[in-house]
Protein chains: 2
Amino acid sequence: NIIAHIERFFAGDPPLFRGKRVLVTAGPTRERLDPVRYFSNYSSGKMGYAIAEAAARFGASVTLVSGPTALSSPDGVETVAVESAEEMYEAVLSRFAETDIVIKAAAVADYRPKYVAASKIKKQPGGYVVEMERTVDILKALGERKTGQILVGFAAETDNLEQYALKKLEEKRLDMVVANNVTEEGAGFAGDTNIITIFRRDGVVRPLPLMTKREAAEEILKEIHAYIEAIR
Amino acid sequence: NIIAHIERFFAGDPPLFRGKRVLVTAGPTRERLDPVRYFSNYSSGKMGYAIAEAAARFGASVTLVSGPTALSSPDGVETVAVESAEEMYEAVLSRFAETDIVIKAAAVADYRPKYVAASKIKKQPGGYVVEMERTVDILKALGERKTGQILVGFAAETDNLEQYALKKLEEKRLDMVVANNVTEEGAGFAGDTNIITIFRRDGVVRPLPLMTKREAAEEILKEIHAYIEAIR
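Rules used throughout
Residues numbered from 1 in each chain as written. Chains lettered and ligands numbered in written order. Predicted model: local features only at pLDDT ≥ 70, side-chain atom pairs only at ≥ 80, totals over all residues. Heavy atoms only, no water. Least-squares fit on C-alpha atoms with pLDDT ≥ 70 in both. Contact = heavy atoms within 4.5 Å. Helix = DSSP H or I, 4+ residues; strand = E, 2+ residues; numbered from the N terminus. Buried < 20%, exposed > 50% of the residue type's maximum accessible area, 1.4 Å probe, protein only. Pairing = 2+ DSSP bridges. Salt bridge = Lys/Arg side-chain N within 4 Å of Asp/Glu carboxyl O. Buried area = accessible area lost by both parts, 1.4 Å probe. Polar contact = N/O pair within 3.5 Å; in protein donor to acceptor, adjacent residues only side chain to side chain. Nonpolar A, V, L, I, M, F, W, Y, C, P; charged D, E, K, R; others polar. Axes fitted to C-alpha atoms, helices over the stretch in contact; angles between N-to-C directions. Parallel < 35°, antiparallel > 145°, perpendicular 65-115°, else oblique. Left-handed = near helix turned anticlockwise from the far one by under 90°. Phe/Tyr/Trp six-rings, centres within 6.5 Å; stacked < 30°, edge-to-face > 60°.

Bringing the relation of the copies chain A and chain B into the picture now. Note on the copies: chain A fits chain B at an RMSD of 0.0 Å, the axial shift is 0.0 Å, and the rotation between them is 180 degrees. In symmetry terms, the pair is related by a two-fold rotation axis. When C-alpha positions in chain A are compared against the rotation axis, the closest is assigned to phenylalanine 39 of chain A, at 2.2 Å. With an isologous cut-off of 70% or more, the 100% of interface residues of chain A that recur at the interface of chain B puts this contact in the isologous class.

In structure tokens, the structure reads:
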């Protein structure tokens, strides 16, 4: 149809990502405390879903590993539903060898309760202390195992954005970090727009203005393509 | 139209709850740890929304105070969106004086982080301790303030269901407790069915078989009506 035709036109002909296998992670994770309670975060999954959709429009074969969101699985994308950081780790690692580009847009929980109760914890008078432990660092594990894959991470911060983004790029051997300040008006988790800055391993920094998450997704993919061209 | 006609027929003519002001709470609450992280539970809100819808079909004037859910606001119901236990408390208390029946189907968090960080808490190597404190007990506050309102609470448990339900009925001065074992197949948070047992203050206990949440909602309302008739 005509819209698909126009989209193909803007995606390039041949499409920029034809033949590429792209894995996108999206959404929050939930880390259980007991059978009814969990820790999570405000990620809506919209940015990751927009990237998965754009990558499919750009001709890639796309797998979307998604934590719990209210979004529908995009057409033409293989979606794998997970809940915890541990489940996301397993879903991503098991697919990593056959992937060309990993875009980790998920807001994976950094911490989880150290002990998960088998029964609902009953209310008691007074306070309560939850011991938290670090979850597995998926990006770092991928950085250590990479054999030519392009790794793209996200940094959603409330302050010192550039510093954290560059640190993440370095420490996790990433090719690119997409950074945004989640407290800025028009950026962040819940909305349909974002304000991102792209940091590339080769030193290129690209601050982008306020745009829809769909537009931001296309800019990120074009930047990945430009980076692949630049380093090869 | 015909369906509304049929529904009115089953709702009784005149409708069972005509002239009654019903307040229903639904969904989980979210308790912030920092600007991006929160503590919550698996409540989908489906049971509370089904009760609000059924109460409107039964002729009541209905207010639904809802935590974050993926559900749409029901037709003919005034919906008030809240996030935390504290916000739900304020929304319910401010409407309590002009309410006849309160049905508290929400799974309000019992605990919240004692300290809420103004910036995103950065990852550190090693563990981390979250100090939790009790949230305000909405049902208990209502029990202490009631001047003739009918109070209905829920008990979602994983064990010792009857014991907890009767304790709740007594301690919070409730008129009725709707109890379910959330680990039972067909009961609990996510699904469209439920298996409930209704405990009334006047000693009546009514265990119900597996049914849809819509049917369960109607049974709960009919039981409230029967209870009001029995005690007056």
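Still more to cover.
Once that is clear, we can look at the side chain of aspartate 110 of chain A. Mapping aspartate 110 of chain A onto the fold places it in the loop between β6 (101-104) and β7 (111-113). A relative accessible area of 13% means that aspartate 110 of chain A is categorised as buried. Contact partners of aspartate 110 of chain A, with chain neighbours within four places excluded, come to Glu133, Arg134 and Thr135 of chain A together with Arg37 and Lys123 of chain B.

What follows deals with the pairing of strand β4 (residues 61-66) of chain A. The side chains of a regular strand alternate, first on one face of the sheet and then on the other. Residues and elements named next belong to chain A. Within β4, five of the six residues are buried, which leaves the element mostly enclosed by the surrounding structure. As defined by bridge partners, strand β1 (residues 21-26) adjoins β4 across six bridges and the pair is classed as parallel. Looking across to β4, one finds that threonine 25 is bridged to valine 65. Pairing analysis gives four bridges linking β4 to strand β5 (residues 78-81), with the strands arranged parallel. Its bridge partner lying in β5, serine 66 is registered against alanine 81.

One pass over the full model with this rule turns up 37 salt bridges over all chains. For lysine 122 of chain A, the salt bridge is made with glutamate 157 of chain B, and the minimal N-O distance between the two is 2.7 Å. Taken together, the residues span two chains, with lysine 122 of chain A in the loop between β7 and β8 (128-134) and glutamate 157 of chain B in strand β9 (residues 150-157). When its relative accessible area of 5% is taken as the criterion, glutamate 157 of chain B is described as buried. Two residues, glutamate 223 of chain B and arginine 206 of chain B, come together in a salt bridge whose shortest N-O distance is 2.5 Å. Of this pair, glutamate 223 of chain B sits in helix α6 (residues 213-231) while arginine 206 of chain B sits in strand β13 (residues 205-207), and the two are 17 residues apart along the sequence. Owing to a relative accessible area of 5%, glutamate 223 of chain B belongs among the buried residues under this scheme. On the basis of relative accessible area, arginine 206 of chain B is assigned to the partly exposed category, the value being 36%.

As a further point, take the interface of chain A and chain B. Every contact between the two is made by 39 residues of chain A and, on the other side, 39 residues of chain B. Together chain A and chain B conceal approximately 3600 Å² of surface at their shared face, both sides included; 53% is due to carbon and sulfur atoms. The tally of links from chain A across to chain B stands at seven salt bridges. For aspartate 110 of chain A, the salt bridge identified is with lysine 123 of chain B, shortest N-O distance 3.7 Å. The interface formed by chain A and chain B holds 23 residue pairs in polar contact (both at pLDDT 80 or more) in total. Looking at side-chain class alone, the side of chain A that touches chain B contains 17 nonpolar, seven polar and 15 charged residues. Where strand β3 (residues 37-41) of chain A and strand β3 (residues 37-41) of chain B come together, five bridges link them in antiparallel fashion. Each residue of the ladder has a partner; that of tyrosine 38 of chain A, found in β3 of chain B, is serine 40 of chain B.

Now for the environment of isoleucine 121 of chain A. Residue and element names in this part refer to chain A. Relative to the assigned elements, isoleucine 121 resides in the loop between β7 and β8. What makes isoleucine 121 buried here is its relative accessible area of 18%. Counting along the chain gives 34 residues from isoleucine 121 to alanine 155, while the straight-line C-alpha distance between them is 34 Å.

On to the sheet that holds strand β7 (residues 111-113) of chain B, then. Taken in spatial order, the four strands line up as β7(A)-β8(A)-β8(B)-β7(B) in an open sheet, and their pairing is antiparallel. At either margin of the open sheet sits one strand with a lone partner, and together these are β7 of chain A together with β7 of chain B. Pairs of neighbouring strands in the sheet enclose a mean axial angle of 40 degrees, with direction left out of account. Inspection of the sheet shows β7 of chain B paired to strand β8 (residues 128-134) of chain B by three bridges, in the antiparallel sense. Bridge pairing in β8 of chain B links proline 113 of chain B to methionine 132 of chain B.

To continue, consider the environment of leucine 151 of chain A. All names here are of chain A. Following the sequence through the fold, leucine 151 ends up in strand β9 (residues 150-157). Looking at leucine 151, the relative accessible area reads 0%, which means it is buried. In this structure, the C-alpha to C-alpha distance between leucine 151 and leucine 139, residues twelve residues apart in sequence, is 8.1 Å. Not counting residues within four places of it along the chain, the set of residues in contact with leucine 151 comprises Phe96, Val102, Leu139, Leu142, Gly143, Lys146, Arg173, Leu174, Asp175 and Met176.

Further remarks concern the packing of helix α2 (residues 46-57) of chain B against α6 of chain B. All names here are of chain B. The geometry of α2 relative to α6 is characterised by a closest axis approach of 8 Å and an angle of 55 degrees between their N-to-C directions. Considering the angle they form, α2 stands oblique to α6. In this structure, the crossing between α2 and α6 has a hand that is right-handed. The residues of α6 that touch α2, namely those facing Lys46, Met47, Ala50, Ile51, Ala54, Ala55 and Arg57, are Lys213, Arg214, Ala216, Ala217, Glu218, Ile220 and Leu221. Taken together, the residues of the contact of α2 with α6 break down into nine nonpolar, no polar and five charged.

Before going further, it helps to spend a moment on the packing of aromatic side chains. Under the criterion given, the structure shown has seven aromatic pairs over all chains. When the centroid spacing of 4.7 Å and the interplanar angle of 55 degrees are considered together, the rings of tyrosine 38 of chain A and tyrosine 42 of chain B count as tilted. Placement of tyrosine 38 of chain A in strand β3 and of tyrosine 42 of chain B in the loop between β3 and α2 is noted, with the two residues assigned to different chains. The pair tyrosine 38 of chain A / tyrosine 42 of chain B is uniform in exposure class, with both members buried.

What follows covers the sheet that holds strand β12 (residues 197-200) of chain B. Residue and element names in this part refer to chain B. Pairing in this open sheet of eight strands is mixed, and the strands run β5-β4-β1-β6-β9-β10-β12-β13 from one edge to the other. Each having just a single partner strand, β5 (78-81) and β13 make up the two edges of the open sheet. For this sheet, the mean angle separating the axes of adjacent strands, direction not counted, is 15 degrees. As judged from the four bridges shared by strand β6 (residues 101-104) and β9, these two strands associate in the parallel manner. When the bridges of β9 are listed, isoleucine 101 appears paired with isoleucine 150.

Coordinates in, geometry out; function isn't part of it.
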